[in-house]
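Notes for the structure review
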Amino acid sequence: MTENNKIKDSIKSLPSKPGIYQFRDKKSEIIYIGKAKNLKKRVSSYFTKKNTGKTKILISRTVSVNIIIVDSEHEALLLENTLIKKYQPRYNVLLKDDKNFPWICIKNEPFPRVFSTRNKLNDGSEYFGPYTSALLVRTILDLLRQLYPIRTCSYKLSSKNIDNQKFKPCLEFHIGKCKAPCVGKQDEDEYNEIIKQIRSILKGNINELRDYLNVLMHKYSADYKYEEADYLKEKVEIISKYQSKSTVVSSRITDIDVFSIVDDDDVAYVNYLKVLAGSVVYSRSLELKRRLDESKEELITLAITEITQNMREVSRETLLPFMPAYSFPGMRIFIPKRGDKKRLLELSERNARYFMMERKRTKELQRNRVNKIYVLEKLRDDMRLKNIPRHIECFDNSNIQGKQAVAACVVFRNGKPKKSEYRHFNIKTVAGANDFASMKEVVFRRYKRMLDEKKSLPDMILVDGGKGQLRAAIDALEDLNIKGTIAVFGIAKRLEEIYVPGDPVPLYLDKNSSSLKIIQQLRNEAHRFGISFHRHKRSALLTKSELDSIKGIGPRTINKLLIKYKSIERIKKLKPYELKIEIGRVKSTILLKHFKNSSR
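These remarks concern the structure in this document. (Residues numbered from 1 in each chain as written. Predicted model: local features only at pLDDT ≥ 70, side-chain atom pairs only at ≥ 80, totals over all residues. Heavy atoms only, no water.)

1. Things to note about the pairing of strand 1 (residues 19-24)
What counts, and what does not: Burial here depends on accessible area, computed with a 1.4 Å probe over protein chains only, as a share of the maximum for the residue type. Under 20% is buried, over 50% is exposed, and the range in between is partly exposed. Segments assigned H or I by DSSP are reported as helices when at least four residues long, segments assigned E as strands when at least two residues long, and all are numbered from the N terminus. One bridge is not enough; two strands pair if DSSP finds at least two bridges between them.
Counting buried positions along strand 1 yields 6 of 6 residues, so the element is predominantly enclosed. Here strand 1 shows no split at all, with Gly19, Tyr21 and Phe23 on one side and Ile20, Gln22 and Arg24 on the other all buried. Where strand 1 meets strand 3 (residues 64-69), 6 bridges bridge the pair, whose relative direction is antiparallel. Bridging from a neighbouring strand, Ile20 pairs with Ile68 of strand 3. Counted between consecutive antiparallel strands, the loop separating strand 1 from strand 2 (residues 30-36) contains 5 residues, among which Ser28 sits at a positive phi close to 70 degrees.

Structure representation (structure tokens):
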């Protein structure tokens with residue numbers, strides 16, 4: 001008897017009740033978990049209808065089926081979600097879990113603490129979230145601490161410990177941020193009233209809290225308790241400022257959950273918005289990766305299950321783009337066609353699309369990072385290096401007929417230009433056009449400074465030129481006693497020959513290879529950076545030379561004009577009164593006369 005026939009026989013005895021089913025392979029590993037309103041009908045459908053694609057592969061690998069019966073369809077949804085997270089079966093939708101997201105916890109203890117945590121424990125404490133942004137959590141906690149003097153210490157504030165005066169007030173008490181319940185200066189009823197208000201804020205019921213504080217403020221004012229009234233006024237202003245940062249939807253919309261979904265090939269993205277008192281107070285997005293041919297209805301059902309099981313209470317109304325695959329007890333579902341609720345659904349969809357684009361960009365960056373590592377590994381192999389060249393530096397010289405000789409050094413880290421580490425060099429010890437001596441000078445200066453500053457040396461050095469430039473660079477390293485610690489190569493422009501120390505025959509890389517492309521990129525970037533510096537120097541020299549030749553115009557005046565106007569062309573375009581304001585009547589007259597004579 002085949003495995004399929006055995007399964008079909010076992011299906012006949014399955015109950016027609018709600019529950020979850022597990023498909024196992026020949027190694028008895030769970031490869032798929034599903035939920036069903038009717039286990040018998042749902043499981044038998046896999047083995048009676050004609051399957052295609054991934055479902056066909058799933059069934060061909062299934063050798064046994066296990067079930068767990070529950071009381072309702074909703075319980076099946078929750079159990080399915082829990083088991084998928086636990087076992088992560090190969091053919092189930094891959095859902096990005098929220099277990100690393102931060103929560104705000106109101107601790108189950110006397111004088112409860114309020115703090116951020118990423119570990120949700122079953123200890124009777126209240127957890128609000130999860131929040132997708134740690135910054136948002138810090139902002140909310142800062143708001144709460146501005147509003148209320150709550151304790152931040154971890155003391156066990158039992159009545160016995162307080163009565164025995166086991167603790168002393170800390171700095172928080174002395175700066176007015178805590179009322180020191182640890183020494184009995186604040187009773188538990190007063191503290192619990194504060195926690196009640198904090199709980200209201202975390203649930204999003206900010207309007208109710210603000211109204212309560214307003215009433216209390218006016219009561220204090222009527223009783224001539226102006227100091228207390230002013231204290232509450234500050235709190236109301238903080239709450240209003242915080243609330244103004246929430247996205248306002250419509251004052252007519254009070255308590256609504258919104259779910260939307262967009263998909264792209266094998267991945268779907270679901271966004272959830274929580275709306276209270278006309279404002280969006282919470283948003284969260286999920287990524288779900290299809291493993292079989294799950295429909296949008298099935299995916300949004302999974303997302304709703306995942307999100308709502310962490311919520312302490314369900315809103316009065318839930319907006320969806322379409323009906324889910326399964327019903328949820330106590331959930332009033334509405335599919336809006338127009339008006340504010342339709343615009344709210346569109347807002348959620350825009351958030352889902354933004355999340356989709358953000359995830360795609362992240363994945364693209366990750367792929368590029370992997371590609372860069374591959375390129376560097378290939379470069380290591382092609383150049384016969386010991387290690388991956390994560391830090392590469394390239395040198396290039398530039399001069400015109402031996403004048404204004406300069407050099408440039410560019411730095412690549414992990415295959416990408418690190419422009420903040422680029423360096424220019426003015427050639428100081430070489431007279432005339434001597435490319436080899438210039439190369440030796442800049443290489444020596446570069447690595448002497450790095451050694452003096454105890455910075456890490458590069459994995460690979462590239463010099464623009466042939467055997468002569470390469471020999472000069474090696475001599476510089478030898479003078480520094482670091483010859484042989486860094487791989488050094490020269491690249492000649494004509495045939496892209498790569499010269500290796502001690503090898504008379506140059507290395508020729510495949511013109512389409514990634515190794516040659518990154519070497520060319522380094523060489524071209526060094527050339528571009530060096531040429532731009534040389535042009536700047538040449539331009540500054542010509543400008544300064546023309547102004548220096550004017551009798552009556554000193555170096556301070558020249559520098560003042562060049563610093564402000566950058567070039568002689570801009571100085572020539574100044575109107576007489578503008579030049580007079582800058583350098584005075586006498587000097588402006590001299591300069592204008594010079595410009596007039598030189599233009600003839």
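Next, the rest of the story.
2. Side note on helix 11 (residues 296-308)
The line we're drawing: Each residue after the first adds 1.5 Å to the expected span of a helix.
Between its first and last C-alpha, helix 11 extends 18 Å over 13 residues, near the 18 Å set by a 1.5 Å rise per residue. Burial runs high along helix 11: 10 of the 13 residues are buried. Of all the positions in helix 11, only Leu299, Ile300, Thr301, Leu302, Ala303, Ile304, Thr305, Glu306, Ile307 and Thr308 are classed as buried.

3. Examining the sheet that holds strand 7 (residues 126-128)
Convention followed: A fitted line through C-alpha atoms represents every axis, and for helices the fit uses only the stretch in contact; the resulting angles, taken between N-to-C directions, go from 0 to 180 degrees. Note on definitions: a residue-residue contact is assigned when non-hydrogen atoms from the two residues lie within 4.5 Å.
Pairing is antiparallel in the open sheet, where 3 strands are placed in the order 6-5-7. Because the sheet does not close on itself, it has two edges, and the strands there are strand 6 (114-117) and strand 7. Strand-to-strand, the axes of this sheet are offset by a mean angle of 30 degrees, without reference to chain direction. As paired strands, strand 5 (residues 103-106) and strand 7 are joined by 3 bridges and run antiparallel to one another. Its bridge partner being in strand 7, Ile104 is matched across the sheet by Phe128. Contacting strand 5, strand 6 and strand 7, helix 8 (residues 188-202) crosses the sheet at an angle of about 160 degrees to strand 5.

The analysis is restricted to geometry; functional conclusions fall outside its scope.
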